[in-house]
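Working through the structure, step by step
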Amino acid sequence: MKYFYFALLVLLGFPLFVEAGRIVDIATIEVDATGPVQFSHYRHLEKLGTNCKQCHNSLFHIRSSENPRVTMEDMAAGLSCGACHNGRQAFSATRNCYRCHPTREVNYSVPDIGDVLFSHQSHLSMFGCTDCHPELFRAGSGNPTVSMAQMEQGLSCGACHDGAGAFDVADNCAACHAM
């Protein structure tokens, strides 16, 4: 009789085991402006349990091609990731952008002056993403080239690096330029 119960347990549990093995951990969501978002199924299953129906197909279709594109404004209104990432159930989708969106160190090649390395890491220790994005800088590429004279007038980096908010761009060349 104990073999019967064991066999029954194996037969009933096997489909769940096989199905769990088919889940791909990392789902990549392409975001043009910021770069790809890496979504971890395993991290979410660890927090929420193994009830896949909590999200599929009510919030997200299993076939990613059927998921509509959503904006950060949509998420703030409770759509998509914002259904849970609302600041109550999980961290807010409208703050701490770096928790989902990749940040990187940005190198600018400046002929005759010395290359500039912009450090997201050092700036994120003092500021939030929305302090600069999208008002001063669009996330990703495509920002206009700005001269030092324009920065000294408060454009681009000069909006903060004016001697009051942060060191002055006019007097601290070596702080940004590799010389």
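Scroll up for the structure.
By convention here, each chain's residues receive numbers from 1 onward along its written sequence. At least 70 in pLDDT is required for a residue's local features to be given in this predicted model, at least 80 for side-chain atom pairs to be given and counted, and no such filter applies to totals for whole chains, interfaces and linings, which use all residues. Hydrogen atoms and water are omitted, and side-chain values are computed over all heavy atoms in the structure.

**Looking at the overall build of the chain**
Helix and strand assignments come from DSSP, with helices taken as H or I runs of at least 4 residues and strands as E runs of at least 2, each series counted from the N terminus. When its secondary structure is counted, the chain shows 6 helices and 4 strands. Listing each helix as α and each strand as β along the chain from the N terminus yields α-β-β-α-α-β-β-α-α-α. Per-residue accessibility, obtained with a 1.4 Å probe over protein chains only, is compared with the maximum for each type, and a residue is labelled buried under 20%, exposed over 50%, and partly exposed between these values. When the 179 residues of the chain are sorted by exposure, 13% land in the buried category. Residue contacts follow a heavy-atom distance rule, with two residues in contact if any of their heavy atoms lie within 4.5 Å. Contacts spanning at least 24 positions in sequence make up 27% of the contacts within the chain whose residues lie at least 6 apart.

**Some remarks on unusual backbone geometry**
With an omega of 0°, the peptide bond running from His56 to Asn57 counts as cis. Turning to its location among the elements, Asn57 is positioned in the loop between helix H2 (41-48) and helix H3 (72-76). Cis peptide bonds are those with omega within 30 degrees of zero, and the linkage from His133 to Pro134 qualifies with 0°. Backbone geometry places Asp112, a non-glycine residue, at a positive phi of 70°. Locating Asp112 in the fold gives a position in the loop between strand E3 (106-108) and strand E4 (116-118). Phi is positive for Ser156, which is not a glycine, with a value near 55°. Here Ser156 lies in the loop between helix H5 (148-152) and helix H6 (173-176).

**Topic: the packing of aromatic side chains**
Two rings from Phe, Tyr or Trp (for Trp, the six-membered ring) form a pair when their centres sit within 6.5 Å of each other. Planes less than 30 degrees apart are called stacked, planes more than 60 degrees apart edge-to-face, and all others tilted. For the structure on display, the rule yields 0 aromatic pairs. Whether a charge lies above a ring is judged from NZ of Lys or CZ of Arg, which has to be within 6 Å of the ring centre and within 35 degrees of the ring normal. Sitting over the face of the ring of Phe91, Arg99 holds its NZ or CZ atom 3.9 Å from the ring centroid.

**With respect to the pattern of salt bridges**
Throughout this description, the term salt bridge denotes a Lys or Arg side-chain nitrogen within 4 Å of a carboxyl oxygen of Asp or Glu. Scanning the entire structure with this criterion turns up 1 salt bridge. Residues Arg63 and Glu66 are paired through a salt bridge, measuring 2.9 Å at the closest nitrogen-oxygen approach.

**What to know about the state of the cysteines**
Criterion for a disulfide: a pair of cysteine sulfur atoms within 2.5 Å. Evaluation of the coordinates by the stated rule reveals 0 disulfides. With no disulfide of its own, Cys84 lies closest to Cys55 among cysteine sulfurs, the gap being 5.7 Å. Residue classification places Cys84 among the partly exposed residues on the basis of a relative accessible area of 26%. As a non-bridged cysteine, Cys160 has Cys132 as the owner of its nearest cysteine sulfur, 5.6 Å distant. Taking the relative accessible area as the measure of exposure, Cys160 reaches 32% and is therefore partly exposed.

In short, shape yes, function no, at least from these values alone.
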